[in-house]
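Structural overview for review
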Amino acid sequence: MKKIIILLGSLFLFGACQYESIKLEDIPEPEPIDPTVDISFVNEIVPIFTDGDNCTVCHTTGKEAPDLTAANAYQNIISGGFVIANNAEGSKIYTYPNPTASTHVWKHYTSREAELLFTWINQGAQDN
């Protein structure tokens, strides 16, 4: 009897939940990145590495190179040869976790993140 009550209670709880699904066509496309407007390393690139469950899960001080923590990211990607200024296609920080790459198994950039990195590198990879 106790199992039946638990089962009925569970069905009631699941039946009471309502979910709205979001259709892809309802999500607005982000504005294209203007390559003539400087991309800020601190404000736009560092969050790609550090926000949420992103790169710094593995790429942090004392773990996997390069250290992509906010305080160390620029120095590490430049001195470690992960960025070739003005050459995104030749820069590992762009190509390795690119959305189309099969080389990085943990995390890939979103299309927007890849576009930001591409533009920043091709603008000279400034520490700004």
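Residues numbered from 1 in each chain as written. Predicted model: local features only at pLDDT ≥ 70, side-chain atom pairs only at ≥ 80, totals over all residues. Heavy atoms only, no water.

Before going further, it helps to examine the overall build of the chain. The helix and strand inventory of the chain stands at five helices and zero strands. Secondary structure elements of the chain, listed N to C terminal, follow the sequence α-α-α-α-α. Sequence-distant contacts in the chain: of pairs separated by 6 or more residues, those separated by 24 or more amount to 51%. (Helix = DSSP H or I, 4+ residues; strand = E, 2+ residues; numbered from the N terminus. Contact = heavy atoms within 4.5 Å.)

Taken as a whole, this structure holds four aromatic pairs when the rule is applied. Ring centres of F41 and Y74 lie 5.2 Å apart, and the angle between their planes is 75°; this geometry places the pair in the edge-to-face category. With F41 in helix α2 (residues 41–50) and Y74 in helix α3 (residues 73–79), the pair connects residues that are 33 residues apart, well separated along the chain. Residues Y94 and F118 carry aromatic rings whose centres are separated by 5.5 Å and whose planes lie at 55° to one another, so their mutual orientation is tilted. In this pair, Y94 is assigned in helix α4 (residues 92–95) and F118 in helix α5 (residues 111–122), connecting sequence segments 24 residues apart. The exposure class assigned to F118 is partly exposed, which follows from its relative accessible area of 29%. Three or more aromatic residues joined by ring pairs form one cluster here, namely F41, Y74 and W120. (Phe/Tyr/Trp six-rings, centres within 6.5 Å; stacked < 30°, edge-to-face > 60°. Buried < 20%, exposed > 50% of the residue type's maximum accessible area, 1.4 Å probe, protein only.)

What follows is about the environment of D38. Note on placement: D38 falls in the loop between α1 (2–16) and α2. With 82 residues separating them along the chain, D38 and W120 place their C-alpha atoms 7.4 Å apart. Excluding residues within four positions of it along the chain, D38 makes contact with E44, Q123 and N128.

Applying the stated criterion to the full structure yields zero disulfides. Lacking any disulfide linkage, C55 is separated from the closest cysteine sulfur, that of C58, by 9.0 Å. (Disulfide = S-S within 2.5 Å.)

Put simply, α2 and α5 touch, their axes get as near as 10 Å, and they point 135° apart. Judged by the angle between their axes, α2 and α5 are oblique. Regarding α2 and α5, the two cross each other, and that crossing is left-handed. In this structure, α2 uses F41, E44, I45, I48 and F49 to contact α5, whose residues at the interface are E113, L116, L117 and W120. Of the residues belonging to the contact of α2 with α5, the class tally is seven nonpolar, no polar and two charged. (Axes fitted to C-alpha atoms, helices over the stretch in contact; angles between N-to-C directions. Parallel < 35°, antiparallel > 145°, perpendicular 65-115°, else oblique. Left-handed = near helix turned anticlockwise from the far one by under 90°. Nonpolar A, V, L, I, M, F, W, Y, C, P; charged D, E, K, R; others polar.)

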